[in-house]
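Here's the letter readout for the chains.
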Amino acid sequence: IANRIITFNPCDGVRVTRPKTKKAVKGASLVLKEVYEAIKYVFKDDVYFQALFLFALQGRRKSEILTLRWEYIDFDENIYTLPKTKNGEEQTFILPESIKELLIVMKSNNKHYVFESPTEPTQHIQNIRSQTNKIKKVLNNDSFGIHYLRNLVVSAMAEQGVNATF
C-alpha cells in the first residue's frame, strides 16, 4: 500500500457485527429489592445520593442522571424530560413519588443541575465512584455499578413478563 494508489476501498461492503453487550441478571427481582434496600440504608441521611441512585434504579444512564437539570422536571405533572438521550431523541418519564420527595428536599439547595458539583455550583457532579463502592460493599457484589442497575431493572422486568421496549 505504501507509495501505491488505491483505486477502491478494500473495506467497502464489509460489515462488522458488534458483540452483544446486554447482560441478564439471574434472580433479578430479588436482587432489585436488595439493591433498593441497600441504597436506602447507605444513603438514609443523604437525599442527594439516595435520589441519584434511585434514578439509576429506574434504568437511567449515568450521563442522563448527572446532567439532569431542574428545568427538565415537572413536579405538577410528576414527569421529567431528558432532552438528549443516547439515541439523540428527547424522552419523557414518570417521576416516581419516592424520588420526587427527595428532589423537593434538595431543590432549595441547587439552582442549575439537580446533581450539582459541591465545588463548582454551575457544573454537575463528575465522580460517584466512592458512593458506588459503598453500595457495592454492602451488597458484597463486585458487579454492582450504575450500568449494572440498567441490566438489573430490565432483567427484573423480564422475570415479571414486562417487555422493556415497545
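Refer to the structure presented above.
Overview of the structure. Just so it is clear, the structure is predicted and the values come from calculations on it, not from any experiment.

### Things to note about the side chain of T85
No. 1: You can see T85 is positioned in the loop between β2 (79–82) and β3 (91–94).
No. 2: A distance of 2.7 Å separates the side chain of T85 from the side chain of N87, its partner in a polar contact.

### Things to note about the environment of T67
No. 1: Inspection of the secondary structure assignment puts T67 in the loop between α3 (62–66) and β1 (73–74).
No. 2: We classify T67 as partly exposed; its relative accessible area is 34%.
No. 3: When the C-alpha positions of T67 and G27 are compared, they lie 31 Å apart, and in sequence the two are 40 residues distant.
No. 4: Those residues in contact with T67 that lie beyond four places of it in its chain are Y72, Y113 and H124.
No. 5: Within the structure, the side chain of T67 is placed 2.6 Å from the backbone oxygen of S63, a separation counted as a polar contact.

### Looking at the sheet that holds β1
No. 1: Taken in spatial order, the 3 strands line up as β1-β2-β3 in an open sheet, and their pairing is antiparallel. Whereas interior strands pair on both sides, the edge strands pair on one side only; in this sheet they are β1 and β3.
No. 2: Both β1 and β2 contribute to a ladder of 2 bridges, which runs antiparallel. Its bridge partner lying in β2, I73 is registered against Y80.

### Details of the side chain of R60
No. 1: With respect to the element layout, R60 can be found in the loop between α2 (47–57) and α3.
No. 2: Within polar-contact distance, the side chain of R60 engages the backbone oxygen of Q58 at 3.3 Å.
No. 3: Within the structure, R60 has its side chain in polar contact with the side chain of E64 (distance 3.4 Å).
No. 4: Sequence-distant contacts of R60, defined by excluding residues within four places in its chain, comprise F55, I65, Y80, L82, F93 and R150.

### A short note on the environment of P96
No. 1: Position of P96 among the secondary structure elements: in the loop between β3 and α4 (97–107).
No. 2: Look at P96 and you get buried, because its relative accessible area is 17%.
No. 3: With 41 residues separating them in the primary sequence, P96 and F55 have C-alpha atoms 9.1 Å apart.

### Considering helix α6 (residues 146–159)
No. 1: Spanning 14 residues, α6 covers 21 Å between terminal C-alpha atoms, matching the ideal 20 Å at 1.5 Å per step.
No. 2: Regarding α6, the residues found buried are I146, Y148, L149, R150, N151, L152, V153, S155 and A156.
No. 3: For α6, the secondary structure elements touched by its buried residues are α1 (28–42), α2 and α3.
No. 4: One or two positions beyond α6, positive phi appears at G161, with a value near 80°.

### Points about the nonpolar core
Side chains of a nonpolar character, in soluble globular proteins, are inclined to be buried together.
No. 1: Formed by 41 residues in total, the largest nonpolar core has its most connected members in F53, L103 and F115.
No. 2: Counting residues per element, the ones that place at least two in this core are α1, α2, α3, β2, α4 and α6.
No. 3: Among the elements that line this core, the one with the most residues is α2, at 9 residues.
No. 4: For F53, the residues in contact, after removing those within four places along its chain, are I39, F43, Q131, T132, I135, F144, I146 and L149.

### Side note on the packing of α1 against α2
No. 1: Running from N to C, α1 and α2 cross one another at 165°; their axes reach a closest spacing of 9 Å. With respect to α2, the element α1 is oriented roughly antiparallel. In this structure, α1 meets α2 at a crossing whose hand is left-handed. The residues of α2 that touch α1, namely those facing L32, V35, Y36, I39 and K40, are Q50, F53, L54 and L57.
No. 2: By residue class, the composition of the contact of α1 with α2 is 7 nonpolar, 1 polar and 1 charged.

What counts, and at which threshold
Residues numbered from 1 in each chain as written. Predicted model: local features only at pLDDT ≥ 70, side-chain atom pairs only at ≥ 80, totals over all residues. Heavy atoms only, no water. Helix = DSSP H or I, 4+ residues; strand = E, 2+ residues; numbered from the N terminus. Polar contact = N/O pair within 3.5 Å; in protein donor to acceptor, adjacent residues only side chain to side chain. Buried < 20%, exposed > 50% of the residue type's maximum accessible area, 1.4 Å probe, protein only. Contact = heavy atoms within 4.5 Å. Pairing = 2+ DSSP bridges. Expected span 1.5 Å × (residues − 1). Core = buried A, V, L, I, M, F, W, Y, C linked by side-chain atoms within 4.5 Å. Axes fitted to C-alpha atoms, helices over the stretch in contact; angles between N-to-C directions. Parallel < 35°, antiparallel > 145°, perpendicular 65-115°, else oblique. Left-handed = near helix turned anticlockwise from the far one by under 90°. Nonpolar A, V, L, I, M, F, W, Y, C, P; charged D, E, K, R; others polar.

Such coordinate-based values are descriptive only and should not be taken to indicate function.
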